[in-house]
Each structure stands twice: as structure tokens, then as C-alpha cells.
Amino acid sequence: SITFKEMGDFSSAIQDVEAGMKATPEDADKNYRELGLLYLKNGQFQEAVRAFENYDSSAYVVVKAERREKAKVLLTSARIARDLATNPVSFTPVLVPGGINTPDNMEYFPSLSTDGQSMILTRRVNGRQEDFYRSDKMEDGTWSVAEPLDGVNTEFNEGAQSITADGNYLVFTACNRPDGAGSCDLYYAERDERGSWSAARNLGSEVNTRDYEAQPSISADGALLFFASRRPGGLGGADLYLCGRLPSGKWSRPVNLGATVNTKGKEQYPFWSPDGATLYFTSNGHPGLGGDDLFRSGLSPDNKWLEPVNLGYPINTAADETNLFVALNGSTAYFSKREHRLETGKMDVDIYQFELPENLRPAPVTYVKANVTDAETGRPLVATFRLRGLNESAPPPISRQTGKSGSFLAVLPAGKDYALTVDLAGYLFY
């Protein structure tokens, strides 16, 4: 039969365990562990600490070194959860207004365009089929009714997408496809100058393995790709990896982010911020409030990963928190939340937004978008453009080619001055 714990009714499960401990006091010592875990699941962190203190000092634990070690870990984790919960951060999530969320389907994995005016999301239809949908922001600030993303959706499942700043390169997760290397692989689609999407292609054997690859996050310029994988050689159940885009357009062999970010647990759902220095991800291996929590890390000036920081309570709770997306301004964050709907009796997932506390924000960025054309004919030109910061603290210069449509978009740290030059043989320097 299904237990209260399996049903998610942790209060009733706690009552059952407490009743059992009273009925058989000789077994109470070993049951303090189960009681503490249930208190954590129920968000009763101080009670969890007390239960694990009793477990840690019990006769059942002290007789074996292995039990003592595990009991210390449980007690330390409960104390960290209690301390996080007693120092809450500002958090006022609201449902994304308009036509994105629906009562009958699950919506998750929001990703915004650079200008913040369009959103691509994953929707699970009829509880089974996963497809991409797109919605546009309207003048009143609400979102239009989400429509299927033409050209990319298939009869297979598509989900967990990430898109470059210019909106032309989409990378996503697809599972159990005929051309797949393993259970779940990373695929990509490209948009041409007419705005049409190509058929999706497998990212190839350098990235995908016979094991699980999923939840990609591509950098704004399309040069870096973060993702989660369960491939052999990792530190835990799932680790975060990084690869770089080669001049040929293919991707380099992925590297593990290492022991500062990855743990013996699971690290998943990376989000590489447009500031090019801040990483958000989900972990159940770093100290937190139980289950999967959201964390923030980043790169130091010497390119080492910083010790991850828990985003705090109540952003994180005793439940699982995943797939954070932070807009270009660095302050508006989006995430999906799983809830039990009383009116339908079913689980639902919807997309929410909230203001990220200042100490958790990435640096704000801006962008420059332009079209390069022949001044006389108006014909689009494939030219080289360069952006160079005029401040000492500006990032390294950017040098790239425009697309076939003559357009380009580059993301830049905000609050700095830049020089823009465009160069093409046969034309005057601009």
C-alpha cells in the first residue's frame, strides 16, 4: 500500500512514526533518523535538529563508527537548514501573467530573448508530449497565448532548451530518438535569415554519450555550453560539464567543472548568466534545506570556481527547486514551481517570476543590435564588426562576423563605453 510519505503527506507520516516509537520504545533510537528526515521534508527544521541530536547520541549509533559518521552528517545538514530558514531572504514570486501558464498542462524551463520581449518554454501536453512554445510580451506587460514553436517540435519529446542572445541557435534535450547516442542527448537547431528553424541535429559524439546528457545552458555569444551528464568518471549521480564552440561550429570535448561545484550528489539545471561570470544550478549535494536547492557560483579573476552559495530560504524549501533563469537586467528571475491543485486533484507545474535579492544577482548587462547594409543599395552585408571597451575595466574586445542577413547582436556589461567598428573589403572603414 502507498504510505503517507510516498503520498507527500509528511505530517501524517510523522504522527505514524511518533506513535510507533511510543508503542515500541526499544526501537525508538533507530527511528529518530526517519523522524528527522520526515521533519526536514515537512519544513520543520528545528524539530529535525532535535531528532538528529537524539539519533546522534543514541545507543544504536554510538556502537558503530560508520553510523556515527552518517549521523554527524545528518545533524550538520539539519542545522544548516535551520539556520537558513531562520534568516530568510526577500522572495515574492508571482505567476507570469497572461497566456503562458495553463490549468491543464505543465509549463517549465522558461528562457527569454535578449530584449525580454519573447519567451520560449517547455510545455507537457496531455501529461506526456513535451514541446516548445513561444509567447510574446504585450504592451500591458502580460504575455500572449503561447503558440507551438514551428520547425523544431516533432512527434518526439523536446525540452530543457537554451538559446543564444541573437535568437539563432537553440540547443535542447531530447530522449530516446532513433539517432540518439543514449537515453537523453543534446540537440540543436539553427534559424536562418528568413526566421525559419532547421531540423534538429544531434550535437555529436564529442558531447553525447551512451549515458544521460541534458539541461543545456548556452552562453549569450554561443561560445560556451554547460550541461548535466551522468557519464562515467564524474563525482556523483549527475555532474555539470562545460565545452567550447570550435571555429568549425562543432563542440570541444566536455570537461567536468570539478569538485568545487560538483559533489557526490546530483548537480543539474545549470544557468550561465549573460554576464559571463555567474553560474546558477541545482544540487542535492551541497548543504541546503533538503532535496534539490538552487545555488550560485561564479568565476574568480583567475578563472577558478567560487564556493557555491545557497540562494536561501524561502527561495529554497524542503521541496525541490530547479531551472532558474535570470533576465538580462540581473534582477528579474524566472523559475517553474510544482504544486498540487486542490480544484483538480492533480500536480501542476507553472512558471513564476520574482525579484532576485541584490546579493544574489549577476552583473547587469546590455546589448547592441544592428544591421550592416550597403549605403546605396540597402543590400545586407556579411562584414566583420568589432566592439572595444574604452574603460580599463571593460571586457576583452569582441570581433565577429555578421550573419547572412547582415545583422548582429552582442551582449556587453552595462555602464561602460564602447567603440564599434565595421570592416569589409571594398568599403570605407566605418
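Our structure is the block above this text.
Treat the numbers as computed from the prediction; the structure is a model and nothing was measured.

Reading the values: rules and limits
Residues numbered from 1 in each chain as written. Predicted model: local features only at pLDDT ≥ 70, side-chain atom pairs only at ≥ 80, totals over all residues. Heavy atoms only, no water. Buried < 20%, exposed > 50% of the residue type's maximum accessible area, 1.4 Å probe, protein only. Helix = DSSP H or I, 4+ residues; strand = E, 2+ residues; numbered from the N terminus. Pairing = 2+ DSSP bridges. 1 Å grid on protein atoms, 1.4 Å probe; cavity = no way out; pocket = protein on both sides within 12 Å on 5 of 7 lines; lining within 4 Å. Points joined across faces, edges and corners; volume = space filled by probe spheres on them. Nonpolar A, V, L, I, M, F, W, Y, C, P; charged D, E, K, R; others polar. Axes fitted to C-alpha atoms, helices over the stretch in contact; angles between N-to-C directions. Parallel < 35°, antiparallel > 145°, perpendicular 65-115°, else oblique. Left-handed = near helix turned anticlockwise from the far one by under 90°. Contact = heavy atoms within 4.5 Å. Phe/Tyr/Trp six-rings, centres within 6.5 Å; stacked < 30°, edge-to-face > 60°.

### Focus on the pairing of strand S2 (residues 106–112)
Within S2, seven of the seven residues are buried, which leaves it mostly tucked inside the rest of the structure. Strand direction decides the pairing type here: S2 and strand S3 (residues 118–125), joined by five bridges, are antiparallel. Residue pairing across strands places Glu107 opposite Arg123, the latter belonging to S3. In textbook terms, the turn of a hairpin is the stretch between consecutive antiparallel strands, and for S2 and S3 this stretch comprises five residues, one of which, Gly116, has a positive phi near 75 degrees.

### Comments concerning the sheet that holds strand S9 (residues 201–202)
Reading across from one edge, S6-S7-S8-S9 is the order of the four strands in this open sheet, with antiparallel pairing throughout. The two strands at the open ends of the sheet, each matched to only one other strand, are strand S6 (159–163) and S9. Of the pairings in the sheet, the one linking S6 to strand S7 (residues 169–175) comprises three bridges and is antiparallel in character. Its bridge partner lying in S7, Ile163 is registered against Leu170.

### Side note on empty space enclosed by the protein
Following the criterion strictly, the structure yields one cavity of 30 Å³ or more and no others. Each pocket or cavity is described by its volume, and for the largest cavity that value is around 30 Å³. As for the largest cavity, its lining consists of Leu387, Arg388, Gly389, Pro395, Pro396, Pro397, Ile398, Leu412 and Tyr418. Among the elements that make up the lining of the largest cavity, the one with the highest residue count is strand S22 (residues 384–389) (three residues). Partitioned by chemical class, the residues of the lining of the largest cavity number seven nonpolar, one polar and one charged.

### Focus: the layout of surface pockets
Of the volumes computed, that of the second largest pocket is approximately 1400 Å³. Considering the residues around the second largest pocket, the lining is formed by 45 residues, among which Asp320, Thr322, Arg338, Met347 and Val349 are closest to the centre. Sorting elements by how many residues they give to the lining of the second largest pocket places strand S19 (residues 332–340) first, with six residues.

### A look at the packing of helix H2 (residues 10–23) against helix H3 (residues 28–41)
At a minimum axis distance of 10 Å, the contact between H2 and H3 shows a crossing angle of 165 degrees. One finds that H2 runs roughly antiparallel with respect to H3. Of the two possible hands of crossing, H2 and H3 adopt the one that is left-handed. Contact residues: Phe10, Ala13, Ile14, Val17, Glu18 and Met21 in H2; Ala28, Asn31, Tyr32, Glu34, Leu35, Leu38, Tyr39 and Lys41 in H3. When grouped by side-chain class, the residues that make up the contact of H2 with H3 number 10 nonpolar, one polar and three charged.

### Digging into the packing of aromatic side chains
Within the structure shown, the criterion is met by 20 aromatic pairs. When the ring of Phe335 is compared with that of Phe354, the centres are 5.6 Å apart and the planes differ by 85 degrees; the resulting orientation is edge-to-face. Separated by 19 residues along the polypeptide, Phe335 in strand S19 and Phe354 in strand S20 (residues 347–355) bring together distant segments of the chain. Using a relative accessible area of 3% as the deciding quantity, one classes Phe354 as buried. Between Phe385 and Phe408 the ring centres are 3.8 Å apart and the planes differ by 15 degrees, which places this aromatic pair in the stacked class. With a gap of 23 residues between them, Phe385 in strand S22 and Phe408 in strand S24 (residues 407–413) connect regions that are remote in the sequence. With a relative accessible area of 1%, Phe385 lands in the buried category. Judged by its relative accessible area of 6%, Phe408 is buried.

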